[in-house]
Amino acid sequence: MKKYDVAVVGATGAVGEQMLAILAQRNFPVNNVYAVASARSAGKKVLFGDKELEVQDLASFDFSKTQVGLFSPGASISKEYAPKAAEQGCVVVDNTSQFRYDDDIPLVVPEVNEHQIANYKSRGIIANPNCSTIQMVVALKPLQDAVGIERINVATYQAVSGTGKEAIDELDIQTSKIINNEPINCDVYPKQIAFNALPHIDKFMDNGYTKEEMKMVWETQKIMEDDSILVNPTTVRIPVKYGHSEAVHVELKEKLTAQKARELLAQAPGVVVVDEHGDGGYPTAVTEGEGTDPVYVGRIREDISHPRGLDMWVVSDNLRKGAALNSIQIAEVLINNHI
């Protein structure tokens, strides 16, 4: 089997660490793996399987010795370095928001629009979507294929790890201080996150939606290749460390029974249905999502308020399927079919 040289950029971040772990777990055919990050992290050690890698400085790294670059260093850094890597012959799979809305860069969830990976050649970059979008479109793809979707109403309940390591620390510290009746500080989030729910992710836009919410609109239409799909999101940050949950309400073009939807979802790639009408007969971020690869779907039911409506509860690990795993699945298709 041919082997590939892979750079993981942003290797010391939460997603970068997951990328290294999943590359090892999935036995990606690597020759050399390079851990790359900013100058302040250069020289640190990170794990790749049972090996330690020394972090290399992004500013001086030579991408010509790699074929695949898995980027998750932040949008501004990807903006500068992803094109440089592509110019040196490294195909970049970028996990930041920088390139997602560029018409000439494919935005890919392999279970939904794998064929778009072939279009990487225009700029040598493939964009990885937002975590909340990824799990939703994986769950909706079989319904779109079966009868078509007119409108999506979605409320998300998103883990703090989506903000980064400092947010996980803030949740831990606030929780401990509240339990011990000590005053808390809010440094990462504008309001207390422990024991709370914040209907605010990313900056507010002129239309009153947040950027996280608008990402779900733009990305869903691009990935599903249908600008007519209406998307109405509310994104909420909750005090969970790993795993996003979503209450998804879809208005379909034709009526679909809950039983038929269950059958379609049970056969769909990347989906696990957990849907029993009883105590615990549904997936949650902590018990199913955290540390696993699938998108879990439960609470599948026909909407009593709409003749063609269907409701479901969608859960997935935001750092795995929502970021690192999806990037590596793209890379797997890339090496198997395109380079």
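Residues numbered from 1 in each chain as written. Predicted model: local features only at pLDDT ≥ 70, side-chain atom pairs only at ≥ 80, totals over all residues. Heavy atoms only, no water.

Q: Quick question: what am I supposed to make of the layout of surface pockets here?
A: Over the atoms, a rolling probe the size of a water molecule traces out where space has been left empty. The calculated volume of the largest pocket comes to roughly 1100 Å³. Ser-72, Gly-74, Gly-162, Thr-163 and Gly-164 are, among the 43 residues lining the largest pocket, the residues nearest its centre. (1 Å grid on protein atoms, 1.4 Å probe; cavity = no way out; pocket = protein on both sides within 12 Å on 5 of 7 lines; lining within 4 Å. Points joined across faces, edges and corners; volume = space filled by probe spheres on them.)

Q: Teacher, can you tell me more about the packing of helix α4 (residues 131–146) against helix α6 (residues 211–224) here?
A: Packed helix pairs are characterised by how far apart their axes lie and by the angle those axes make with each other. One can describe the packing of α4 onto α6 by two numbers: an axis separation of 10 Å at closest approach and a directional angle of 40°. In terms of orientation, α4 lies oblique with respect to α6. The two elements α4 and α6 meet at a crossing, and its hand is right-handed. Taken together, the residues of α6 that come into contact with α4 (itself represented by Ser-132, Thr-133, Met-136, Val-137, Leu-140, Lys-141 and Gln-144) are Glu-212, Lys-215, Met-216, Glu-219, Thr-220, Ile-223 and Met-224. Grouping the amino acids of the contact of α4 with α6 by side-chain chemistry returns six nonpolar, four polar and four charged. (Axes fitted to C-alpha atoms, helices over the stretch in contact; angles between N-to-C directions. Helix = DSSP H or I, 4+ residues; strand = E, 2+ residues; numbered from the N terminus. Parallel < 35°, antiparallel > 145°, perpendicular 65-115°, else oblique. Left-handed = near helix turned anticlockwise from the far one by under 90°. Contact = heavy atoms within 4.5 Å. Nonpolar A, V, L, I, M, F, W, Y, C, P; charged D, E, K, R; others polar.)

Q: What is the right way to read unusual backbone geometry from this model?
A: With the exception of glycine, most residues fall at negative phi, and the peptide bonds are largely trans. The backbone of Glu-225 sits at a positive phi, close to 60°, despite the residue not being glycine. Take Glu-225: it is sitting in the loop between α6 and β10 (230–237). The phi torsion at Arg-299 lies on the positive side, around 50°, for a residue other than glycine. Its place among the elements puts Arg-299 in strand β13 (residues 295–302).

Q: Can you walk me through the side chain of Asn-128 in this structure?
A: Topologically, Asn-128 is positioned in the loop between β8 (125–127) and α4. For Asn-128, a relative accessible area of 0% gives the class buried. Within the structure, the side chain of Asn-128 is placed 3.4 Å from the backbone nitrogen of Ser-327, a separation counted as a polar contact. Excluding anything up to four places from it in sequence, Asn-128 contacts Asp-94, Asn-95, Thr-96, Arg-100, Leu-107, Val-108, Ile-134, Gly-322, Ala-323, Asn-326, Ser-327 and Ile-330. (Buried < 20%, exposed > 50% of the residue type's maximum accessible area, 1.4 Å probe, protein only. Polar contact = N/O pair within 3.5 Å; in protein donor to acceptor, adjacent residues only side chain to side chain.)

Q: Sorry, what's going on with the packing of aromatic side chains here?
A: The way to describe two aromatic rings as a pair is by their centre distance and the angle between their planes. This structure, assessed with the given rule, holds five aromatic pairs. Aromatic pair Tyr-101 and Trp-218: ring centres 5.2 Å apart, planes at 75°, arrangement edge-to-face. Residue Tyr-101 is found in the loop between β7 (91–94) and α3 (110–113), and its partner Trp-218 is found in helix α6; the two are separated by 117 residues along the sequence. What makes Tyr-101 partly exposed here is its relative accessible area of 29%. Overall, the relative accessible area of 32% leaves Trp-218 in the partly exposed class. An aromatic cluster is present here, built from Tyr-34, Phe-61, Phe-63 and Phe-71 joined pairwise through their rings. The aromatic ring of Tyr-81 is capped on one face by Lys-84, whose charged end is 4.8 Å from the ring centroid. (Phe/Tyr/Trp six-rings, centres within 6.5 Å; stacked < 30°, edge-to-face > 60°. Lys NZ or Arg CZ within 6 Å of the ring centre and 35° of its normal.)

Q: How should the sheet that holds strand β5 (residues 56–57) be read in this particular structure?
A: Strand pairing in a sheet is mediated by backbone hydrogen bonds. Such pairs are either parallel or antiparallel. Strand order across the open sheet formed by six strands is β5-β2-β1-β6-β7-β8, with parallel pairing between neighbours. Single-partner strands in this sheet number two, and they are β5 and β8. Taken together, the two bridges between strand β2 (residues 30–37) and β5 define a ladder with parallel strand orientation. When the bridges of β5 are listed, Ala-37 appears paired with Asp-57. Where helix α1 (residues 14–25) meets the sheet, its contacts fall on β1 (4–9), β2 and β6 (68–71), and the angle it forms with β1 comes to roughly 155°. (Pairing = 2+ DSSP bridges.)

Q: It is not clear to me how the sheet that holds strand β12 (residues 271–273) should be interpreted in this structure. Could you clarify?
A: Ordered in space as β10-β9-β11-β14-β13-β12, the six strands form an open sheet in which the pairing is mixed. Lying at the two open borders of the sheet, with one neighbouring strand each, are β10 and β12. On average, adjacent strands in this sheet sit at an angle of 20° to one another, irrespective of strand direction. Across three bridges, β12 lies against β13 in parallel orientation. For Val-271, the partnering residue across the bridge sits in β13 and is Val-295. On the sheet, α6 packs against β9 (149–158), β10 and β11 (244–252) and is oriented at approximately 135° with respect to β10.

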